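An overview of the molecular structure
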Amino acid sequence: MKDYSFDGFNGLAKHHPVLAAATTIFLLSLAGIPLTAGFFAKYYMIAAVLQTGKFLWLVIFAVLCAAISVYYYFRIIQAMYFKEGDAQIIETTPGFRYLLVILTAMIIILGIFPQWLIDQLYIIYL
């Protein structure tokens, strides 16, 4: 992108729908929304801290930071889909867009089936 401000994302969905959809899934995952890989990443990290019985302040701080970050992530999503504008981006190749679709699908699949990844990592490190 040529402009990384919130206004730089205005109208991205109208002109580049694949890029906007992939960015939306990535941001939802970063926010920790369920059915994305980011949700289970945050869940397992917070659950691990809670199992120790220590550092409850760290869990509270992490949840507060996650809640604050959701505001900023949704501002970008709102700009892409609901604001008028002409997002100035560098042209992407079909291969790059194909890779974005694959990565987006992986984030959703790992969000739906997180145990599969855990099983695979357990087999590798056993």
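In this text, all values refer to a predicted model and were calculated from it rather than measured experimentally.

What counts and what doesn't
Residues numbered from 1 in each chain as written. Predicted model: local features only at pLDDT ≥ 70, side-chain atom pairs only at ≥ 80, totals over all residues. Heavy atoms only, no water. Phe/Tyr/Trp six-rings, centres within 6.5 Å; stacked < 30°, edge-to-face > 60°. Helix = DSSP H or I, 4+ residues; strand = E, 2+ residues; numbered from the N terminus. Buried < 20%, exposed > 50% of the residue type's maximum accessible area, 1.4 Å probe, protein only. Lys NZ or Arg CZ within 6 Å of the ring centre and 35° of its normal. Axes fitted to C-alpha atoms, helices over the stretch in contact; angles between N-to-C directions. Parallel < 35°, antiparallel > 145°, perpendicular 65-115°, else oblique. Left-handed = near helix turned anticlockwise from the far one by under 90°. Contact = heavy atoms within 4.5 Å. Nonpolar A, V, L, I, M, F, W, Y, C, P; charged D, E, K, R; others polar. pLDDT = per-residue confidence, 0-100. Expected span 1.5 Å × (residues − 1). Arc of directions from axis to C-beta.

1. Quick look at the packing of aromatic side chains
One pass over the full model with this rule turns up 6 aromatic pairs. Residues phenylalanine 6 and tyrosine 72 carry aromatic rings whose centres are separated by 6.4 Å and whose planes lie at 15° to one another, so their mutual orientation is stacked. Within this pair, whereas phenylalanine 6 is found in the segment before α1 (12-15), its partner tyrosine 72 is found in helix α4 (residues 56-82), the two being separated by 66 residues in sequence. Since its relative accessible area comes to 41%, tyrosine 72 is described here as partly exposed. Through pairs of rings, three or more aromatic residues link up here, namely Phe39, Phe40, Tyr43 and Tyr44. Lying across the ring of phenylalanine 6, arginine 75 places its NZ or CZ 3.9 Å from the centre.

2. Overview of unusual backbone geometry
Generally, phi is negative for residues other than glycine and the peptide bonds are trans, each holding for most cases. With phi around 70°, leucine 35 is a residue other than glycine that occupies positive phi space. Looking at the element boundaries, leucine 35 is found in the loop between α2 (17-31) and α3 (37-52). Assessed through its relative accessible area of 53%, leucine 35 is described here as exposed. Positive phi, close to 60°, is recorded for phenylalanine 55, a residue that is not glycine. With respect to the helices and strands, the residue phenylalanine 55 is situated in the loop between α3 and α4.

3. Considering the packing of α2 against α4
Packed helices, taken two at a time, are described by their axes: the angle between them and the distance between them. The contact between α2 and α4 brings their axes to 9 Å, and the two run at 165°. On the basis of their axis angle, the class for α2 and α4 is roughly antiparallel. α4 is crossed by α2, and the crossing has left-handed handedness. In this structure, α2 uses Ala20, Ala21, Thr23, Thr24, Leu27, Leu28, Leu30 and Ala31 to contact α4, whose residues at the interface are Val70, Tyr73, Phe74, Ile76, Ile77, Met80 and Tyr81. In terms of residue class, the contact of α2 with α4 is made up of 13 nonpolar, 2 polar and no charged.

4. Thoughts on the confidence of the model for the protein
Averaged over all residues, the pLDDT of the protein is 90; the fraction at 70 or higher stands at 98%. When mean pLDDT is compared element by element in the protein, α2 scores highest at 95, while helix α6 (residues 114-124) scores lowest at 84.

5. Describing the side chain of threonine 104
Relative to the assigned elements, threonine 104 resides in helix α5 (residues 94-112). Not counting chain neighbours up to four residues away, the residues in contact with threonine 104 comprise Ala22, Ile25 and Phe26.

6. Observations regarding α5
Over its 19 residues, α5 extends 27 Å from the first C-alpha to the last, a length consistent with the 27 Å expected when each residue adds 1.5 Å. What α5 keeps buried is the set Leu100, Thr104, Ile107 and Gly111. Burial along α5 is one-sided: seen end-on, the buried residues are contained in an arc of 60°. With respect to the buried face of α5, the exposed residues turned more than 90 degrees away are Pro94 and Tyr98.

7. Notes on the packing of α3 against α4
At their nearest, the axes of α3 and α4 sit 9 Å apart, and the two run at 160° to each other. The orientation of α3 with respect to α4, classified from their angle, is roughly antiparallel. You can see that α3 and α4 cross each other, and the crossing is left-handed. Judged by residue contacts, Lys42, Ile46, Val49 and Leu50 of α3 engage Leu56, Val59, Val63 and Ala66 from α4. Taken together, the residues that form the contact of α3 with α4 break down as 7 nonpolar, no polar and 1 charged.

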